[in-house]
Amino acid sequence: MFQPAPRSQPSTVTIPGWDRERFGPLRERRIVLPRTGQGFRLLQPVDFDRLLEFAANDPEEHLPYWAELWPSGIALADAILLDPGTVRGTTVVELGCGLGLTAAAALRAGAQLVATDYSEAALLLTRWNCRRNVGREPAVMQLNWRRPSPDFFAALGSTGVPVVLAADVLYERRDLEPLLVLIERILAPGGLLWLAEPGRQTAADFVEQLRTAGWHDEQDTWTGPWPDASDSPVVVTVHRLRRPSHVSVRW
Ligand SMILES: C[S@@+](CC[C@H](N)C(=O)[O-])C[C@H]1O[C@@H](n2cnc3c(N)ncnc32)[C@H](O)[C@@H]1O
């Protein structure tokens with residue numbers, strides 16, 4: 001269970017399955033969502049330098065972005081809890097779940113969630129953070145957008161899911177096309193891609209491609225307040241991107 005760290009580091013903790021040698025200690029922080037005011041307690045790694053050292057050996061050069069809490073994840077969690085009916089009782093897939101805040105909000109809203117990430121450490125923390133905040137865990141699957149495994153598609157079935165969630169996943173140009181292809185494969189016709197993004201060009205180009213292909217985009221913006229002061233100028237756009245019901249899109 002939840003084990004307090006040694007006395008010399010009173011604010012850090014560890015959990016079963018967590019590779020403390022590799023990823024360092026964890027600390028719990030409290031997050032309050034800006035509009036709904038709903039609160040969450042999230043475990044997060046403390047030692048980012050250690051994570052960066054470990055990431056230097058990653059064959060795909062992934063930086064450990066999963067260990068941060070991003071304004072987009074906060075905004076999407078808030079948006080879901082403002083409109084829980086959209087996911088209640090629905091099969092939902094999240095791409096790039098990170099620490100699991102959006103996942104916990106989706107579960108709190110009643111979603112049947114499959115949370116995915118490239119990082120196994122992110123999936124472990126997502127399960128823990130969901131259980132701590134909501135009392136249940138999502139199904140989790142390790143997934144690389146650039147090379148999704150046949151097992152991933154087999155697990156989701158052939159009809160596609162009604163809702164896909166994604167918060168701040170479009171920051172590298174190399175991911176634009178793989179994410180277009182992946183979302184087309186997993187989102188059912190007429191389904192909703194609920195995407196939060198903080199104004200990066202890759203995200204703007206992604207959304208533009210979907211609009212050109214006939215997707216309907218409804219937007220709202222979040223300006224915080226964000227828990228990290230350095231994020232204060234960030235404006236997050238939350239898109240509700242509705243896939244056309246009858247048009248088959250091929251990227
Ligand atoms: C900027 S973080 C956002 C995390 C979380 N959604 C949030 O908003 O707090 C991007 C997330 O996408 C994941 N990710 C990056 N590249 C990926 C890939 N090729 N396949 C799957 N997940 C990836 C990272 O591990 C990380 O958790």
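Reference entry: report on the structure contained in this document. This is a predicted model, so every value here is computed, not measured.

### Let's talk about the nonpolar core
For step 1, the next point in the chain: Grouped together as the largest cluster of nonpolar side chains are 51 residues, with contacts concentrated most on Trp66, Leu101, Leu165, Trp194 and Val238.
For step 2, the next point in the chain: The leading source of residues in this core is helix H3 (residues 71-82), at seven residues.
For step 3, the next point in the chain: Once residues lying within four places of it in the same chain are set aside, the contact partners of Leu165 are Leu76, Ile80, Val92, Val93, Glu94, Leu95, Thr102, Ala106, Leu113 and Trp194.
For step 4, the next point in the chain: One finds Leu179, Ile183, Ile186 and Trp215 within the second-largest nonpolar core, a separate group that totals 28 residues.

### Notes on the layout of surface pockets
For step 1, the next point in the chain: Considered as a void within the structure, the largest pocket measures approximately 920 Å³ in volume.
For step 2, the next point in the chain: Around the largest pocket sit 47 residues that line it, and Leu63, Trp66, Asp117, Tyr118 and Ser119 are the ones nearest its centre.
For step 3, the next point in the chain: For the lining of the largest pocket, the secondary structure elements donating two or more residues are helix H1 (20-23), helix H2 (48-55), H3, helix H4 (101-108), strand E6 (112-117) and helix H5 (120-134).
For step 4, the next point in the chain: Looking at the lining of the largest pocket, its residues break down into 22 nonpolar, 13 polar and twelve charged.

### Concerning the sheet that holds strand E8 (residues 161-167)
For step 1, the next point in the chain: Here seven strands make up an open sheet; going across it, the order is E7-E6-E5-E8-E9-E11-E10 and the pairing mixed. Looking at strand neighbours, the two that pair on one side only are strand E7 (139-142) and strand E10 (216-222), the edges of this open sheet. For this sheet, the mean angle separating the axes of adjacent strands, direction not counted, is 20 degrees.
For step 2, the next point in the chain: As judged from the four bridges shared by strand E5 (residues 91-95) and E8, these two strands associate in the parallel manner. Bridge pairing in E8 places Glu94 opposite Leu165.
For step 3, the next point in the chain: Each of strand E9 (187-197), E10 and strand E11 (236-242) is contacted by helix H8 (residues 201-212), which is oriented at about 155 degrees to E9, the strand it contacts most.

### Let's talk about the side chain of His62
For step 1, the next point in the chain: By the element assignment, His62 lies in the loop between H2 and H3.
For step 2, the next point in the chain: The exposure class of His62 is buried, given its relative accessible area of 16%.
For step 3, the next point in the chain: A polar contact of 3.5 Å, which involves the side chain of His62, links it to the side chain of Arg146.

### With respect to the environment of Asp217
For step 1, the next point in the chain: Along the polypeptide, Asp217 turns up in strand E10.
For step 2, the next point in the chain: A relative accessible area of 16% means that Asp217 is categorised as buried.
For step 3, the next point in the chain: A polar contact of 3.0 Å, which involves the side chain of Asp217, links it to the side chain of Gln219.
For step 4, the next point in the chain: A distance of 3.0 Å separates the side chain of Asp217 from the side chain of His239, its partner in a polar contact.

### Details of the pattern of salt bridges
For step 1, the next point in the chain: For the structure on display, the rule yields 15 salt bridges.
For step 2, the next point in the chain: We note a salt bridge from Asp175 to Arg146, for which the minimum N-O separation is 2.7 Å. With a gap of 29 residues between them, Asp175 in the loop between E8 and helix H7 (176-186) and Arg146 in the loop between E7 and helix H6 (150-156) connect regions that are remote in the sequence.
For step 3, the next point in the chain: Using a relative accessible area of 1% as the deciding quantity, one classes Asp175 as buried.

Calculation criteria
- Residues numbered from 1 in each chain as written.
- Predicted model: local features only at pLDDT ≥ 70, side-chain atom pairs only at ≥ 80, totals over all residues.
- Heavy atoms only, no water.
- Core = buried A, V, L, I, M, F, W, Y, C linked by side-chain atoms within 4.5 Å.
- Buried < 20%, exposed > 50% of the residue type's maximum accessible area, 1.4 Å probe, protein only.
- Helix = DSSP H or I, 4+ residues; strand = E, 2+ residues; numbered from the N terminus.
- Contact = heavy atoms within 4.5 Å.
- 1 Å grid on protein atoms, 1.4 Å probe; cavity = no way out; pocket = protein on both sides within 12 Å on 5 of 7 lines; lining within 4 Å.
- Points joined across faces, edges and corners; volume = space filled by probe spheres on them.
- Nonpolar A, V, L, I, M, F, W, Y, C, P; charged D, E, K, R; others polar.
- Pairing = 2+ DSSP bridges.
- Axes fitted to C-alpha atoms, helices over the stretch in contact; angles between N-to-C directions.
- Polar contact = N/O pair within 3.5 Å; in protein donor to acceptor, adjacent residues only side chain to side chain.
- Salt bridge = Lys/Arg side-chain N within 4 Å of Asp/Glu carboxyl O.

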